[in-house]
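# Working through the structure, step by step
Chain by chain, the residues run as shown.
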Amino acid sequence: MPRYRQIAEGIGNAITAGQLKAGERLPPQRHLADALGVTVGTITRAYNEAQQRGWVQSRVGSGTYVHGDETSGSDFTLLTHESADGDNPSGMIDMSLSFAPYHSWRHDSLREALQSICHDPAAIAMASSYQADIGNLAHRQALGAWLEHLGFPTSGSLVVTQGGQHGLDLCLRTLTRPGELVAADALTYPGFNAAVRHAYLKPVGIPLDTEGMDVDALARLCQRQVPRLVYVTPDQNNPTSISMSEERREQLTALARQHDFWLLEDHVQYLPREDRGTSLLELAPERTLHVFSTSKVLSGGLRTGTLQVPDRVSQRIASSLRAETWMAPPLMVEATCRWITSPNADELIAWQTSEQQYRQQRAFERLARYHPQGQLRGSNVWLPLPEGRRSSEVHALLDSAGVRVSTPEPFCTGSEPAPQAIRLCVGAPRTREQLDRALDIILEVLESGDTSPWNTL
Ligand SMILES: Cc1ncc(COP(=O)(O)O)c(C=O)c1O
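Since this is a predicted model, take the numbers as computed values, not measurements. (Residues numbered from 1 in each chain as written. Predicted model: local features only at pLDDT ≥ 70, side-chain atom pairs only at ≥ 80, totals over all residues. Heavy atoms only, no water.)

## Things to note about helix α9 (residues 215-224)
Put simply, the rule reads: Note on exposure labels: buried denotes an accessible area under 20% of the residue type's maximum, exposed denotes more than 50%, and partly exposed covers the range between, all computed with a 1.4 Å probe on protein chains only. Helix and strand definitions follow DSSP, with helices as H or I runs of at least four residues and strands as E runs of at least two, each counted in order from the N terminus. In this analysis, two residues are considered to be in contact whenever any of their non-hydrogen atoms come within 4.5 Å of each other. Throughout this description, a polar contact denotes any pair of N or O atoms lying within 3.5 Å of each other; where both atoms belong to protein, one of them has to be capable of donating a hydrogen while the other can accept it, and for residues adjacent in sequence the pair is counted only when both atoms sit in side chains.
For α9, the full list of buried residues reads Val215, Ala217, Leu218, Ala219, Leu221 and Cys222. Residues of α9 that are buried in the fold lie against β5 (181-185), β6 (202-206), β8 (212-213), β9 (229-232) and α10 (246-259). At the N-terminal boundary of α9, the capping side chain belongs to aspartate 214, with an oxygen 3.1 Å from the backbone nitrogen of aspartate 216.

Listed below in structure tokens is the structure:
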């Protein structure tokens, strides 16, 4: 048997024997070549052979990995609590979930919207029957007017979705084919990464700096391979809270035109108009798909969102939507539309925005010496850890002290390495007192130094 095939067989046997685990990275080709005393070309052929047999997969620019269950999403879960809005009976203060601050108005407003539907026979008739796939005209008009009211641009066709995640998934499934390359910030929203895996796409992470996505790095990638689509959260990256500078937005849209890729813009993590830059939808309406949702401003349970798409793809998006779910449930969309056309929505959003500002400031004051990052009225605080501390260790210590935070791993795009940092959602604790308690515990853990046992040589 030729040498390369022997090596490929060896890889296959090691996988069967459990010595190589799903997702594990194979050694760089040069290292293995040196170790086995063969040429790099032999290893390249061996890896290609192993790939053809479906044992491993090579990822652009990052190496060769043992095939795992590409669709598994264990890093993208929503740990829900028995009671709503982050009121957690276990006593754990959960700052890992991106929730708007609690207020009983949320329940009152939903009740009011549902009650008004109950008393309206025409609305009940509408809600009990099938509607147009992209949403009925009245709903689309109400949602479009609301987007304008919140200061978002409107362009192309508006599609009613079952939330932001659905909008992202629809775009990926409609505009890409399995195996194609999609790019995003090196750290990005885990739900996007999960949707990428489910669509069997190849993700590539683009470095981020203080001005957002490094568009020069993206341009260099385009010289080698043009991604089909680039995903961005220009006003508050999740998890780092970085917003893109105006210059980067211009650069990105110019690059998209030059290389003809789609831009997927996500505004689900809401910031008020004054805190946002120019939307990519405004800069490049012909190639931008814009995702928004009621989840962070009204309620995650409504499962209602909007997707704005260029007219030339609206039919394709509509047919994907039909294939997935026919339409967003008209009852939920009707409840949303009643809520957003009442003064309740503005009141809740205004209160939440000022509460988030209070909470951000509080976290910034308390954690100042650790240089937290966040937006003035944003939902998350990103905390790079001091030299020598690891996210997994800090996460475990906090967990046992009753505070749950997010580690960076699930936010990593493709096989980008994870920095040592944690993300805190300031809106998630039920009360300001809980937030203070959590901040005390975080300070205590950070000041305590590394106390993790080491049990390996
Ligand atoms: C950036 C971003 N996009 C999309 C979503 C998903 O939104 P939805 O809950 O409406 O599906 C989230 C949820 O946290 C998010 O943070």
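So much for the structure itself; the text now carries on.
## Details of the domain arrangement of the protein chain
Spelled out, the test is: As used throughout, domain bounds are those supplied by an automatic or database domain assignment. Here the buried area means the combined drop in accessible surface, using a 1.4 Å probe, for two parts upon being joined, counting both sides. Here, a salt bridge means any side-chain nitrogen of Lys or Arg that lies within 4 Å of a carboxyl oxygen of Asp or Glu.
The assigned domain composition of the protein chain is domain 1 (3-66), domain 2 (93-103 + 345-447) and domain 3 (106-342). Contacts between the two partners involve 28 residues from domain 2 and, on the opposite side, 35 residues from domain 3. For the pair domain 2 and domain 3, the summed buried surface comes to about 2600 Å²; carbon and sulfur atoms form 49% of the total. For domain 2, the biggest contributors to the area lost against domain 3 are Gln375, Phe411 and Thr413; these three give 23% of the whole. Here glutamate 274 makes a salt bridge to arginine 377, at a shortest N to O gap of 3.2 Å.

## Focus on the packing of helix α4 (residues 105-118) against helix α14 (residues 343-367)
Selection criterion: Comment: axis = line fitted to C-alpha atoms, over the contacting stretch for helices; angle = value between 0 and 180 degrees taken between N-to-C directions. For classification purposes, an angle smaller than 35 degrees is called roughly parallel, one larger than 145 roughly antiparallel, one from 65 to 115 roughly perpendicular, and anything else oblique. Two helices cross in a left-handed way if the nearer one is turned anticlockwise from the farther one by less than a right angle. They cross in a right-handed way if the turn is clockwise. Residues are sorted three ways: Asp, Glu, Lys and Arg are charged, Ala, Val, Leu, Ile, Met, Phe, Trp, Tyr, Cys and Pro are nonpolar, and all the rest, Gly among them, are polar.
Running from N to C, α4 and α14 cross one another at 165°; their axes reach a closest spacing of 10 Å. By the angle between their axes, α4 is roughly antiparallel relative to α14. Both α4 and α14 take part in a crossing whose hand is left-handed. Contacts between α4 and α14 involve Trp105, Arg106, Ser109 and Glu112 on the former and, on the latter, Asn344, Glu347, Leu348, Trp351 and Gln352. Taken together, the residues of the contact of α4 with α14 sort by class into three nonpolar, three polar and three charged.

## Structural notes on the packing of aromatic side chains
Going by this rule: Any two of the Phe, Tyr and Trp rings considered here, Trp counted by its six-membered ring, make a pair once their centres fall within 6.5 Å; the pair's planes then place it as stacked at under 30 degrees, edge-to-face at over 60, or tilted in between. Two limits define a charge over a ring: the Lys NZ or Arg CZ must be within 6 Å of the ring centre, and within 35 degrees of the ring normal.
Inspection of every chain in the model, using the stated rule, returns six aromatic pairs. With a centroid separation of 5.7 Å and 55° between ring planes, the pair formed by tryptophan 146 and phenylalanine 292 is classed as tilted. Taken together, the positions of tryptophan 146 in helix α6 (residues 137-149) and phenylalanine 292 in strand β11 (residues 288-293) put the pair 146 residues apart, joining distant regions of the chain. You'll find tryptophan 146 and phenylalanine 292 in the same group, each marked buried. Pairing phenylalanine 152 with tyrosine 270 gives two aromatic rings, centres 6.4 Å apart and planes at 65°, and the pair type is edge-to-face. One end of the pair, phenylalanine 152, is in the loop between α6 and β4 (157-161); the other, tyrosine 270, is in the loop between β10 (262-266) and α11 (280-283), with 118 residues separating them in the sequence. Taking the relative accessible area as the measure of exposure, tyrosine 270 reaches 13% and is therefore buried. Arginine 45 extends its terminal NZ or CZ atom over the ring of tyrosine 4, reaching a point 4.1 Å from the ring centre. Residue placement shows arginine 276 over the ring face of phenylalanine 152; its charged tip is 3.8 Å from the ring centre.

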